[in-house]
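Each chain, written out:
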Amino acid sequence: MFITAYNPAKVSAEVKKLYDDPYVKNRRGIFEYILGGSTDTKLLDVRVFDEATKKSVYTSQTKKANAKNESNCPHCAIGHDANRSKIWKLSEMDADHVTTWIKSGATDVKNCQMLCKTHNCAKGSR
Ligand SMILES: [Zn+2]
């Protein structure tokens with residue numbers, strides 16, 4: 001077994017940084033996130049996309065999907081079940097970060113894609 005030594009000053013600086021980050025919605029997850037090696041961003045429940053961004057991405061994705069007669073969830077569209085051509089409602093979808101927040105992809109529309117809730121959860125738990 002290999003045990004990582006924590007530098008308390010570094011940890012507290014990182015905690016502070018995340019506390020001040022408006023995108024971090026789950027502050028209770030901050031310690032777990034840092035002690036786990038700062039990789040599992042799901043613990044922080046990061047939400048970088050506002051409603052306007054989601055809506056505009058949703059609209060263009062749905063338009064393309066309708067033209068191709070396939071699902072507006074890109075993951076459903078490549079699947080083999082009935083959802084393959086399903087057009088999800090905006091409320092049934094969630095924004096996914098193409099580039100993760102930690103690599104500071106943040107609020108760019110190009111960095112956002114909408115996935116149905118099932119696929120968004122599946123991706124997040126990886
Ligand atoms: Zn899907």
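Structure report, in brief. Quick caveat: nothing in here was measured; it's all calculated off a predicted structure.

Moving on, we get to the pattern of salt bridges. Counted under the stated rule, the structure contains five salt bridges. Three or more residues joined by partner-sharing salt bridges are found here, namely E51, K54 and D94.

Attention shifts here to the coordination of the zinc ion. Distances from the zinc ion to its protein donors, namely C73 (SG), C76 (SG), C116 (SG) and H119 (ND1), fall within the range 1.9 to 2.4 Å. With four donor atoms in place around the zinc ion and angles of 105 to 113 degrees between them, the coordination shape is tetrahedral. Along the chain, the residues donating to the zinc ion are arranged with the sequence spacing C-x2-C-x39-C-x2-H. Considered together, C73 and C76 belong to a single accessibility category, that of buried residues.

So, about helix α1 (residues 8–19). End to end, α1 covers 16 Å across 12 residues, agreeing with the expected 16 Å (1.5 Å per residue, within 8%). Inspection of α1 places V11, V15 and L18 among the buried residues, and these make up the whole buried set. Buried positions in α1, seen along its axis, are confined to an arc of 70 degrees and lie on one side of it. Away from its buried face, by an angle of more than 90 degrees, α1 presents the exposed residues A9, K10, K16 and K17. Here the buried face of α1 lies against α2 (30–35).

Rules of the game
- Residues numbered from 1 in each chain as written.
- Predicted model: local features only at pLDDT ≥ 70, side-chain atom pairs only at ≥ 80, totals over all residues.
- Heavy atoms only, no water.
- Salt bridge = Lys/Arg side-chain N within 4 Å of Asp/Glu carboxyl O.
- Donors = N, O, S within 2.8 Å, 3.2 Å for Na, K, Ca; no water.
- Tetrahedral: all angles 85-135°; square planar, octahedral: opposite > 155°, others 65-115°.
- Buried < 20%, exposed > 50% of the residue type's maximum accessible area, 1.4 Å probe, protein only.
- Helix = DSSP H or I, 4+ residues; strand = E, 2+ residues; numbered from the N terminus.
- Expected span 1.5 Å × (residues − 1).
- Arc of directions from axis to C-beta.
- Contact = heavy atoms within 4.5 Å.

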